[in-house]
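Residues per chain are reported as follows:
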Amino acid sequence: MQASSRVSFQYAPAGKSLACVVVPGNPDGGDAALIERVGAQLVDWFGRQAGNWDHLQTFRISHALPDQSPPTRNPTCPDPWVRPGVFVCGEHGSLPGIQWAMVSRRLAAEAVLTHLSDFLI
Ligand SMILES: Cc1cc2nc3c(=O)[nH]c(=O)nc-3n(C[C@H](O)[C@H](O)[C@H](O)COP(=O)(O)OP(=O)(O)OC[C@H]3O[C@@H](n4cnc5c(N)ncnc54)[C@H](O)[C@@H]3O)c2cc1C
């Protein structure tokens, strides 16, 4: 769940907040049942106050996110090495998520430094 209006205040009127809930997959049972299940989980996470939140809209977006069903790759050790002088980074060799994309960047940068150190006198 993201409090989108903390990203941009233009997403909500003054004094209000916009919260976005992402539900992976495409749950059966229609929107009414989905909204009820999501509402119950929000109360579980954020307390009874979440029961007073107004539902605005539901969008079903096909293929919005990659499939992250287990078993998944170990995101802490993507291999950045392709061939001498060529390195790769990004979530494609890891798990979807900005933090894992950043971990892969760091590992690629370290691999580049190690590779370059071979050329230093
Ligand atoms: C709808 C949605 C919601 C998300 N929400 C979250 C979230 O809440 N939290 C979170 O942590 N992550 C979220 N993610 C995932 C997050 O956006 C990605 O994990 C992250 O952007 C991956 O970074 P990356 O640099 O590996 O790839 P990207 O950000 O996809 O960057 C790859 C770049 O390479 C460029 N490119 C592709 N092919 C070529 C080419 N041939 N030549 C040159 N350039 C090329 C693309 O244009 C792109 O700019 C979300 C993703 C989506 C789609």
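Residues numbered from 1 in each chain as written. Predicted model: local features only at pLDDT ≥ 70, side-chain atom pairs only at ≥ 80, totals over all residues.

### Looking at the overall build of the protein
The secondary structure content of the protein amounts to two helices and four strands. In the protein, the order of α-helices and β-strands from amino to carboxyl end is β-β-α-β-β-α. Compactness check: the protein gives a C-alpha radius of gyration of 21 Å against a globular reference of 14 Å for 121 residues, more than 25% above the reference. Across the protein, the fraction of contacts at a sequence separation of at least 24, relative to all contacts at a separation of at least 6, is 29%. (Helix = DSSP H or I, 4+ residues; strand = E, 2+ residues; numbered from the N terminus. Rg over C-alpha atoms; globule rule 2.2 N^0.38 Å. Contact = placed C-beta atoms within 7 Å.)

### Thoughts on the site of the ligand
Residues in close proximity to the ligand total 10 residues, the closest being G90, E91, G97, I98 and A101. With three residues, the single largest contributor to the shell around the ligand is helix α2 (residues 98-117). The residue makeup of the shell around the ligand, split by class, is five nonpolar, four polar and one charged. (Near = placed C-beta within 6 Å. Nonpolar A, V, L, I, M, F, W, Y, C, P; charged D, E, K, R; others polar.)

### Thoughts on the domain arrangement of the protein
Here the protein is described as being made up of domain 1 (2-52) and domain 2 (66-121). Domain 1 and domain 2 are separated by 34 Å when their C-alpha centres are compared. (Domains from an automatic or database assignment.)

### Description of unusual backbone geometry
Glycine aside, a negative phi is what most residues show, and trans is what most peptide bonds show. For the bond running from P70 to P71, omega is 0 degrees, close enough to zero to count as cis. On the secondary structure map, P71 appears in the loop between α1 (30-46) and β3 (81-83).

### Some thoughts on α1
Counted at 1.5 Å a residue, the expected span for α1 with its 17 residues is 24 Å, and the 24 Å between its end C-alpha atoms agrees. Immediately downstream of α1, the backbone of G47 shows phi near 90 degrees, a positive value. (Expected span 1.5 Å × (residues − 1).)

### Some details on the environment of R105
The residue R105 is located in helix α2 in this model. Judged by the 14 C-beta atoms lying within 10 Å of it, R105 falls in the partly exposed class. With 79 residues separating them along the chain, R105 and N26 place their C-alpha atoms 31 Å apart. (Buried ≥ 20, exposed ≤ 12 C-beta atoms within 10 Å, placed from the backbone.)

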